[in-house]
Amino acid sequence: MTEPKRAPGGFPVVGVVGGGQLARMMQGPAIELGIQLSVLAEDAYAAAALAIPSAPVGEHTDLEMIRKFAASCDVVTFDHEHVPQDVLAALEADGVVMHPTPAALRHAQDKLVMRRRLSELGIACPRWAVARTASEVAEFAEEVGWPLIAKTPRGGYDGKGVLLASSVDDMAEWLTQVGRRGPLEDGLLLEERVDFVRELAVLVARSPSGQAAAWPVVETVQTEGICTEVLAPAPGLDADLASVVTEAALRIAGELDVTGVLAVEMFEVRPGGASSSSSYVVNELAMRPHNSGHWSMDGAVTGQFEQHLRAVLDLPLGDPRPRAPWTVMANVLGGEDEELYSAYRHIMARDPGAKIHVYGKGVRPSRKIGHVNVSSDDLESARERAQHAADYLRGTVRE
Ligand code: ADP
């Protein structure tokens with residue numbers, strides 16, 4: 001494998017396992033800071049491989065490949081959470097510096113591990129249980145009522161691996177996979193269906209030295225299980241609740257010894273409701289830059305990709321405060337048309353303030369292929385502008 005070329009000045013090489021859009025979006029701030037990135041990409045046309053010169057091709061499950069890759073990097077971080085724990089353990093034994101560490105990352109890889117740990121810490125969660133049999137499902141349903149939510153503990157994303165179930169029959173197929181090697185090996189995660197007011201996310205960064213910084217709490221809007229819009233900060237959020245959820249996220253980062261960016265996805269609930277005595281419950285964790293933080297690239301003094309690099313290198317963290325009263329991020333989902341560039345003339349002419357980010361990924365219906373950020377003093381106009389640009393790129397509006 002060719003070693004990444006080192007720039008003069010003693011700058012470290014940060015290795016990113018996984019060649020998706022997150023690794024790609026680290027390249028902008030890495031270039032500005034003079035930090036070299038190297039990415040272990042799934043193929044030569046992966047989003048990050050198109051933007052980062054040092055991009056050896058290899059599978060994230062291939063220990064020998066990752067070993068060679070890690071040997072050419074000063075620190076290794078991740079574009080996704082799918083590197084198996086046995087591979088991570090072998091790298092750790094080799095002395096590879098990884099952020100987040102395998103011990104922390106387990107909580108983002110396995111929703112059962114996450115639920116157990118957060119419950120031990122007394123962090124508000126939906127009522128939950130692990131079920132291996134139909135009778136265990138029925139027992140939990142007695143407690144929380146139907147419908148309930150069933151999840152595959154591992155390997156889910158964008159709502160895949162989440163099921164709203166109205167009866168045991170809806171889970172029949174999944175129950176047959178319990179005990180077999182795979183995402184359902186240890187059973188199904190069952191959760192009460194939370195009657196939430198809205199979904200929130202708290203993004204924090206934490207360095208190996210323990211310095212931490214939190215961005216403002218955001219609201220995330222999902223359409224058919226996919227995040228389509230993020231409002232920063234979350235409109236009308238009670239100031240006390242904002243402090244409580246931010247403290248909870250910082251506490252999770254500290255207790256789990258997370259290094260790098262941590263996204264804590266939450267549900268805001270009515271105080272005193274059935275779900276919890278607090279006004280929020282935690283849904284899930286991601287230990288990497290996250291879709292709920294894309295707004296920060298243009299809307300905060302320090303964006304999440306720069307902050308992640310600072311954190312994994314144990315550099316002092318940057319200021320996470322917003323630059324504008326509101327920043328709205330709209331995801332661009334793939335539409336019918338593979339061609340995107342011709343949309344630029346219209347979008348750029350219509351709205352010189354809209355910041356377009358495109359990932360260099362092939363267009364497939366509903367695949368996240370980019371996002372648009374708009375900052376403004378006026379929330380509604382920022383929403384309209386960001387959504388228009390995203391819809392135009394998707395091809396669902398043509399004027
Ligand atoms: P993924 O790992 O695919 O992102 P999540 O656990 O975040 O899966 O769930 C995806 C979406 O499903 C959430 O954003 C939320 O809208 C809904 N959801 C998940 N868990 C619950 C729950 N316990 N109650 C109600 N809705 C839920």
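Residues numbered from 1 in each chain as written. Predicted model: local features only at pLDDT ≥ 70, side-chain atom pairs only at ≥ 80, totals over all residues. Heavy atoms only, no water.

A. Local environment of the overall build of the protein. Each helix and strand counted, the protein has 12 helices and 16 strands in total. Over its C-alpha atoms the protein spans a radius of gyration of 21 Å, differing by no more than 12% from the 21 Å that the globule rule assigns to 399 residues. Counting all 399 residues of the protein, 54% fall into the buried class. Long-range pairs, those at least 24 residues apart, make up 63% of the contacts in the protein between residues at least 6 apart in sequence. Accessible area of the protein: about 17,100 Å², with a carbon and sulfur share of 49%. Positive and negative side-chain charges of the protein, numbering 37 and 55 respectively, have mean locations separated by a distance of 3 Å. (Helix = DSSP H or I, 4+ residues; strand = E, 2+ residues; numbered from the N terminus. Rg over C-alpha atoms; globule rule 2.2 N^0.38 Å. Buried < 20%, exposed > 50% of the residue type's maximum accessible area, 1.4 Å probe, protein only. Contact = heavy atoms within 4.5 Å. Areas by Shrake-Rupley, 256 points an atom, 1.4 Å probe, with all protein chains shown as cover. Lys, Arg positive; Asp, Glu negative; His and termini not counted. Charge placed at Lys NZ, Arg CZ, Asp CG, Glu CD.)

B. Examining the sheet that holds strand β1 (residues 13–17) more closely. Spatially, the 3 strands line up as an open sheet ordered β2-β1-β3, and their pairing is parallel. Edge positions in the sheet fall to β2 (36–40) and β3 (75–78), since each has one partner strand and no second. Pairs of neighbouring strands in the sheet enclose a mean axial angle of 30°, with direction left out of account. Bridge count between β1 and β3: 4 bridges; the pairing is parallel. Bridge pairing in β3 places V14 opposite V75. (Pairing = 2+ DSSP bridges. Axes fitted to C-alpha atoms, helices over the stretch in contact; angles between N-to-C directions.)

C. Focus on unusual backbone geometry. Looking along the chain, the bond that leaves H99 and enters P100 is cis, with omega of 0°. Residue placement: P100 occurs in the loop between α3 (85–94) and α4 (102–109). Between A232 and the following residue, P233, the backbone shows a cis peptide bond with an omega angle of -5°. Tracing the sequence through the fold places P233 in the loop between β11 (226–232) and α8 (239–255).

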